[in-house]
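Breakdown of the fold
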Amino acid sequence: IAGITQAPTSQILAAGRRMTLRCTQDMRHNAMYWYRQDLGLGLRLIHYSNTAGTTGKGEVPDGYSVSRANTDDFPLTLASAVPSQTSVYFCASSLDGNQPQHFGDGTRLSIL
Amino acid sequence: KQEVTQIPAALSVPEGENLVLNCSFTDSAIYNLQWFRQDPGKGLTSLLLIQSSQREQTSGRLNASLDKSSGRSTLYIAASQPGDSATYLCAVTASNTGKLIFGQGTTLQVKP
């Protein structure tokens, strides 16, 4: 079934540890995005990529990095996790920046 | 800085009622506006995308309108059903990069 796959589904992580959230899409979409969703703050864009080989910063990029080596994969890395990064993380993709975005089911991350 | 507001935060209606969800944004220089649905514990599902040059879009029982000059959009749901119960989010982007700014959503409950 075509769509976006995020892994892991959930994770509990000690502060200071490095963590990579995986995102893969099989729709050959050019654009991909990472958001975090927090109660009272809604969804906020962390990083995005309009095409393979390029990335850009969103609204809340500090503490996160991304890479886009190919069309299908867009991993999000927390180099040294902190408790304030506890959140639900969503990956999304779209054919281009002016098309509807398709979302994965999210990764629930708790930093202790 | 663009801000997106959705009022009310929650709404409960009896089955069969027609209803309107509201979205307002502070900066009228948008590229497009999107409406999404989010079920508990799930990712977002795109419902409708309205380009800045359009006034409305329709999909089945859903109709979204856009008044860019006044910074408002509405999502009209006809003949509501219990299966429509979910959180509805609107989001705007100021460019073709797809960098969405989200409202905090309206949680809809349709009672049988």
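Heads up: these notes are all about the structure in this document.

About the criteria used
- Residues numbered from 1 in each chain as written.
- Chains lettered and ligands numbered in written order.
- Predicted model: local features only at pLDDT ≥ 70, side-chain atom pairs only at ≥ 80, totals over all residues.
- Heavy atoms only, no water.
- Helix = DSSP H or I, 4+ residues; strand = E, 2+ residues; numbered from the N terminus.
- Areas by Shrake-Rupley, 256 points an atom, 1.4 Å probe, with all protein chains shown as cover.
- Lys, Arg positive; Asp, Glu negative; His and termini not counted.
- Charge placed at Lys NZ, Arg CZ, Asp CG, Glu CD.
- Salt bridge = Lys/Arg side-chain N within 4 Å of Asp/Glu carboxyl O.
- Buried < 20%, exposed > 50% of the residue type's maximum accessible area, 1.4 Å probe, protein only.
- 1 Å grid on protein atoms, 1.4 Å probe; cavity = no way out; pocket = protein on both sides within 12 Å on 5 of 7 lines; lining within 4 Å.
- Points joined across faces, edges and corners; volume = space filled by probe spheres on them.
- Nonpolar A, V, L, I, M, F, W, Y, C, P; charged D, E, K, R; others polar.
- Contact = heavy atoms within 4.5 Å.
- Buried area = accessible area lost by both parts, 1.4 Å probe.
- Pairing = 2+ DSSP bridges.
- Axes fitted to C-alpha atoms, helices over the stretch in contact; angles between N-to-C directions.
- Core = buried A, V, L, I, M, F, W, Y, C linked by side-chain atoms within 4.5 Å.
- Polar contact = N/O pair within 3.5 Å; in protein donor to acceptor, adjacent residues only side chain to side chain.

A few points about the overall build of chain A
- Looking only at helices and strands, chain A has zero helices and eleven strands in total.
- Helices and strands in chain A line up, N terminus first, as β-β-β-β-β-β-β-β-β-β-β.
- The dimensions of chain A, computed from C-alpha atoms along their principal axes, are 35 × 25 × 25 Å.
- On chain A, roughly 5100 Å² of surface is accessible, and the fraction owed to carbon and sulfur atoms is 52%.
- Here chain A contributes 9 positively and 8 negatively charged side chains, and the mean placements of these two sets differ by 8 Å.

Overview of the pattern of salt bridges
Residue and element names in this part refer to chain A.
- The final tally for this structure, using the stated rule, is six salt bridges over all chains.
- Here R28 and D72 are joined by a salt bridge, their closest N and O atoms 3.0 Å apart. With a gap of 44 residues between them, R28 in the loop between β3 (19-25) and β4 (31-38) and D72 in the loop between β7 (64-66) and β8 (76-78) connect regions that are remote in the sequence.
- When its relative accessible area of 54% is taken as the criterion, R28 is described as exposed.
- The salt bridge partner of D38 is R36, with a shortest N-O separation of 2.8 Å.
- A relative accessible area of 13% means that D38 is categorised as buried.
- Residues joined in a network through salt bridges with shared partners are R36, D38 and R44.

Here's the deal with the layout of surface pockets
- The computed volume of the largest pocket comes to approximately 390 Å³.
- Taken together, 20 residues form the lining of the largest pocket, with Q37, D38 and L39 of chain A together with Q38 and Q104 of chain B sitting closest to its centre.
- The set of elements that each furnish at least two residues to the lining of the largest pocket consists of β4 and β9 (87-94) of chain A together with β9 (86-93) of chain B.
- For the second largest pocket, the calculated volume is near 320 Å³.
- In terms of lining residues, the second largest pocket is bounded by 13 residues, among which E59 of chain A together with K1, Q2, I101 and F102 of chain B are the most central.
- Of all elements in the fold, only β5 (42-49) of chain A together with β10 (101-102) of chain B reach the threshold of two or more residues within the lining of the second largest pocket.
- Of the residues that constitute the lining of the second largest pocket, the class distribution is five nonpolar, four polar and four charged.

What to know about the interface of chain B and chain A
- Across the boundary between the two partners, chain B contributes 22 residues, which contact 22 residues of chain A.
- Taking both partners together, chain B and chain A bury about 1700 Å²; carbon and sulfur atoms supply 49% of that area.
- The partner of E59 of chain A in a salt bridge is K1 of chain B, and the shortest N-O contact between them spans 3.9 Å.
- Every element with two or more residues in the side of chain B that touches chain A is listed here: β4 (32-38), β5 (44-51) and β10 of chain B.
- Among the residues forming the side of chain B that touches chain A, the class breakdown is eight nonpolar, eleven polar and three charged.

So, the sheet that holds β7 of chain A
Residue and element names in this part refer to chain A.
- What the four strands build is an open sheet, ordered β1-β3-β8-β7; its pairing is antiparallel. The strands lining the two open edges of the sheet, one partner per strand, are β1 (4-7) and β7. Within this sheet the neighbouring strands show an average axis-to-axis angle of 20°, counted without direction.
- Bridge analysis of β7 against β8 gives three bridges, and the strand direction is antiparallel. Looking at β8, one finds that S65 is bridged to T77.

Considering the nonpolar core
- In this structure, L33, W35, L75 and I77 of chain B are the most contacted members of the largest nonpolar core, which totals 22 residues.
- Of all the secondary-structure elements, those providing two or more residues to this core are β3 (19-25), β4, β5, β7 (62-67), β8 (72-77), β9 and β11 (106-111) of chain B.
- In this view, L75 of chain B contacts L19, V20, L21, W35, L47, L48, L62, N63, A64 and Y88 of chain B; residues no more than four positions away in its chain are not counted.
- One finds L13, M19, A81 and C91 of chain A within the second-largest nonpolar core, a separate group that totals 19 residues.

Regarding the side chain of S94 of chain A
- Inspection of the secondary structure puts S94 of chain A in strand β9.
- Side-chain polar atoms of S94 of chain A contact the side chain of Y33 of chain A, separated by 2.9 Å.

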